[in-house]
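# Residue-level structure breakdown
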Amino acid sequence: MSRPDRGTRAMHQALPPALRDAVDDFAEHLSRVRNRSAHTVRAYVTDLVSLLDHAVRMGCVDLAELDLSVLRSWLARQRTTGAARTSLARRAASARAFSAWAHRAGLLPADVGAALASPRAHRELPSVLRADQAAALVEAPSRQAPPTDTPPAGPTSGAAADGAEAVPLRDRVLLELLYATGVRVSEACGLDVGDVDHGRRVIRVFGKGGRERSVPYGVPAQRALDDWLRRGRPAMVGARSGDALLLGARGGRLNPTTARQIVGAYAEAAGLPRTSPHDLRHSAATHLLEGGADLRAVQELLGHSSLASTQIYTHVSVERLRAAYRQAHPRA
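Here is a short report on the structure shown in this document. Note on numbering: residues in each chain are counted from 1, in written sequence order. Per-residue local features of the predicted model are confined to residues with pLDDT of at least 70, and side-chain atom pairs are confined, for both listing and counting, to 80 or more; whole-chain, interface and lining totals are unaffected and use all residues. Heavy atoms throughout the structure, all of them, feed into the side-chain values; hydrogens and water do not.

## What to know about the pairing of strand β3 (residues 212-216)
Looking along a regular strand, one sees the side chains alternate between the two faces of the sheet. Only protein chains enter the accessibility calculation, which uses a 1.4 Å probe; a residue whose area is less than 20% of its type maximum is buried, one above 50% is exposed, and one in between is partly exposed. The helix and strand labels rest on DSSP assignments: H or I over at least four residues marks a helix, E over at least two residues marks a strand, and numbering proceeds from the N terminus. The alternating pattern of β3 places Arg213 and Val215 on a buried face, while none of Glu212, Ser214 and Pro216, on the opposite face, is buried. Relative to β3, strand β2 (residues 202-206) runs antiparallel, the two sharing five bridges. By the bridge assignment, phenylalanine 206 is partnered in β3 with glutamate 212. Two successive antiparallel strands, β2 and β3, enclose a turn made up of five residues, where glycine 209 displays a positive phi of approximately 70°. For two strands to pair, DSSP has to find at least two bridges joining them.

See the structure below:
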């Protein structure tokens, strides 16, 4: 089973053996069959353990006794304890996924979760930088000192920079790729050197569920990649580097947490609003649509399985247009 927090582990251990085994088997199914990420499996397991703990408290000691009333009671209890609508929607989705799996596996006589409704999550419009702000951010490593994750300076070798000089090159290529391609931070950190096709200027990305897609990037990102691979990466490479494209201070693959810190620190130093890698993803998508890109093309670039996920950026563009109108039109 994925590693849940201590509270979830304690509840998991307190479940009757049959229910505990069902949790473990479901986690295995999500990980190995559905190819879900460790983070997603952990979230599903946390929700499921909470649900089954609630079911046991209601007198259900056998999984076959789980019914729609128990699921609804569990969600109602979550609501009374202050869970947000987004959390309730996710937990309802977890319950439906488990119910469908348990029915297929013969553990439930019926798919009781199929009729479980969940509150529609209120969707906030994503935070988006203006094009000039995004440009200032990706160019920041060329103008200011590295804010974080700086290895000690070492001797130069050939055309390689030393360790301290290599970090701005790494930071620049990270920021350029995040904005140029709109990839998720985990996807950027997961890139290998061989995933970059310099001739066609595309990168091969493995997204959610292991789905592969090719994403183009532009000339500025190519220049940043060339500098990093020629001068930066050789100075930071070590025994733990493997084929990783982006490296951390100790020579291993750059991890997403450090990447988030890098983006946030450069944004703060440049006087920009608080910015995360996902904000750069939002900005890339919005700027593509504002530039006339087709919605389905943006969907494919971002790796969204549903067009509905991409449509949020059309609302962002409309809101930006309204704001510009209100500010500029004399009869607004």
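## Thoughts on the sheet that holds β2
Read from one edge of the open sheet, three strands run β1-β2-β3, paired in antiparallel fashion. Every interior strand has two partners, whereas the edge strands, β1 (196-197) and β3, have only one.

## Some thoughts on the pattern of salt bridges
When a carboxyl oxygen of Asp or Glu is within 4 Å of a side-chain nitrogen of Lys or Arg, the pair counts as a salt bridge. Evaluation of the coordinates by the stated rule reveals 13 salt bridges. Between arginine 90 and aspartate 47 there is a salt bridge; the shortest N-O distance is 2.6 Å. Of this pair, arginine 90 sits in helix α5 (residues 85-104) while aspartate 47 sits in helix α3 (residues 38-57), and the two are 43 residues apart along the sequence. Judged by relative accessible area, arginine 90 falls into the partly exposed class, the value being 38%. The exposure class assigned to aspartate 47 is buried, which follows from its relative accessible area of 3%. Between aspartate 197 and arginine 200 there is a salt bridge, with its nearest N and O atoms 2.8 Å apart. Its relative accessible area of 59% is what places arginine 200 among the exposed residues.

## Comments concerning the layout of surface pockets
Detection works on a 1 Å grid of protein atoms alone, calling trapped sets that fit a 1.4 Å probe cavities and calling open sets with protein on both sides within 12 Å along at least five of seven lines pockets, with lining residues defined by an atom within 4 Å of a point. Grid points are joined across faces, edges and corners, and a volume is the space filled by probe spheres set on the points. Its volume calculated, the second largest pocket comes out at about 150 Å³. Around the second largest pocket, the lining residues are Tyr179, Ala180, Thr181, Gly182, Val215, Pro216, Ala284, His287, Leu288, Val298, Leu301 and Leu302. Elements supplying a minimum of two residues to the lining of the second largest pocket: α7 (163-181), β3, α11 (277-290) and α12 (295-302). Across the lining of the second largest pocket, the residue classes tally to nine nonpolar, three polar and no charged. Classification used: nonpolar for Ala, Val, Leu, Ile, Met, Phe, Trp, Tyr, Cys and Pro, charged for Asp, Glu, Lys and Arg, polar for all others including Gly.

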